[in-house]
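Next come the chains, spelled out residue by residue.
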Amino acid sequence: MATTGSYFILFFLVLATTGSTSSVVGEIATVLSIDGGGIKGIIPATVLSFLESQLQELDNNEDARLADYFDVIAGTSTGGILTTMISAPNEKGRPFSAAKDIVSFYFEHGPKIFPQGVWPPILGPKYDGKYLHKVLEDKLGETRLHQTLTNVVIPTFDMKKFQPIIFTKSEIANSPHLDAKMSDICYGTAAAPTYFPPYYFENDDGKGNQHEFNLIDGGVVAVNPALIAVSTVTKSVDPSVASIKPLDVKQVLLLSLGTGTTADFAGTYTAKEADNWGLVSWLFHNNSNPLIEMSSEASVIMNDYYIATIYRALGAETNYLRIEVRQSRSKTTKMH
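Report follows, based on the coordinates. Please read these numbers as outputs of a predicted model, since none were measured by experiment.

## What about the pattern of salt bridges?
- By the definition in use, this model includes seven salt bridges.
- Three or more residues are tied together by salt bridges with common partners; here these are Asp-35, Arg-322 and Glu-324.

## Comments concerning the pairing of strand S8 (residues 320-323)
- Alternating positions in S8 separate into two faces, Tyr-320 and Arg-322 on one and Leu-321 and Ile-323 on the other, with burial throughout.
- The sheet contact formed by strand S7 (residues 252-257) and S8 spans four bridges and is parallel. Bridging across to S8, Leu-257 finds its partner in Ile-323.

## Some words on the packing of aromatic side chains
- This structure, assessed with the given rule, holds 13 aromatic pairs.
- Look at Phe-167 and Phe-213: their rings are 5.6 Å apart centre to centre, the planes differ by 45°, and that puts the pair in the tilted class. Placement of Phe-167 in strand S4 (residues 163-168) and of Phe-213 in strand S6 (residues 210-216) is noted, with a sequence separation of 46 residues between them.
- Under the relative-accessibility criterion, Phe-167 is labelled buried at 0%.
- Across the ring face of Phe-213, the terminal group of Lys-161 is positioned such that the distance to the ring centre comes to 5.4 Å.

## A word on the environment of Leu-145
- The residue Leu-145 is located in the loop between helix H5 (130-140) and strand S3 (151-158) in this model.
- Leu-145 gets classed as buried once you look at its relative accessible area, which sits at 0%.
- Sequence separation of Leu-145 and Ile-185 is 40 residues, and the distance between their C-alpha atoms is 8.5 Å.
- The residues contacting Leu-145, other than those within four sequence positions of it, are Val-152, Phe-167, Thr-168, Lys-169, Ile-172, Leu-178, Asp-179, Ala-180, Met-182 and Ile-185.

What counts, and at which threshold
- Along each chain, the written sequence defines residue order, and numbers are assigned to residues from 1.
- Totals for whole chains, interfaces and linings use all residues, but because this is a predicted model, local features are given only for residues with pLDDT of at least 70 and pairs of side-chain atoms are given and counted only at 80 or more.
- Side-chain descriptors were evaluated using all non-hydrogen atoms of the structure, hydrogens and water having been removed beforehand.
- Should a side-chain nitrogen of Lys or Arg be within 4 Å of a carboxyl oxygen of Asp or Glu, the pair is scored as a salt bridge.
- Remark: exposure states derive from per-residue accessible area (1.4 Å probe, protein chains only) relative to the maximum for the residue type, with buried under 20%, exposed over 50%, and partly exposed in between.
- Helix and strand assignments follow DSSP, with helices taken as H or I runs no shorter than four residues and strands as E runs no shorter than two, numbered in order from the N terminus.
- At least two bridges found by DSSP between two strands is the condition for calling them paired.
- Stacked, tilted and edge-to-face pairs are distinguished by plane angle, under 30 degrees for stacked and over 60 for edge-to-face with tilted covering the rest, among Phe, Tyr and Trp rings (Trp via its six-membered ring) whose centres lie within 6.5 Å.
- Note on geometry: a ring has a charge over it if NZ (lysine) or CZ (arginine) is within 6 Å of the ring centre and within 35 degrees of the ring normal.
- Residue contacts follow a heavy-atom distance rule, with two residues in contact if any of their heavy atoms lie within 4.5 Å.

In structure tokens, the structure reads:
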């Protein structure tokens, strides 16, 4: 939904007084959701950097981190990587990365993850993904899902099982095979079809049983994971949110961050232009992916619509804030 700067300030002022480190049990759940979007993850990274700096100032604590304030953090694809960076622990048991350092991560590694001058992926994925996988392994090491400092929700899609796989810390007790390395989870949620190869790995469930995963991008499930995040809150066994009933969003403070919308690009494609398109044109047209772009945009918009409708129907509009950047079409707004 459209927002103003003053509304954003009001939102994190409320957040500062209801963060998970100081809130009354069952009083309110704070949720952060981060969209997928490849290199455009730099947009929510910038918002997160600002938010964390303001919370540090309000609490007079330069060591405060976003994971201290959110009971649940959800992210798809590049949003899943952001989620992990602000929630996975370092050797001191604090978040692996300060939000202000994430923007520089994109500038440093983005050009190598998405090298320029690569031909459209006609006979194979556009990128081999080796550099991305190495960076994730180097940064995250052996860190596993159960070690995150707050409840995280990262969607993926298993192409062999032909169903979504949602890596959620709160579900490990019921599904111990989900307690995978965060580097594997992050690469799996970012393995966008035509951009990166699907990702296969195995994980032990702690009882000697091996479970295999054949993952592709979480955007196949939900580019905007906010609905999944809210549903996670209402069924969580975490005592800080266990009292919240299904759809009781009056007790859920939700901040949803987009990665830049293409919704205003009217006239980019027309029915007349696409009249004779076949498979190749729908997937690769003028160095773009019309089918993927349209599907992703529709998913993002509809998730926002559903959530806004629920919050409005229950008289809790001010508990939901969606921040999205609208730009004119340029290379800077493309996913990769």
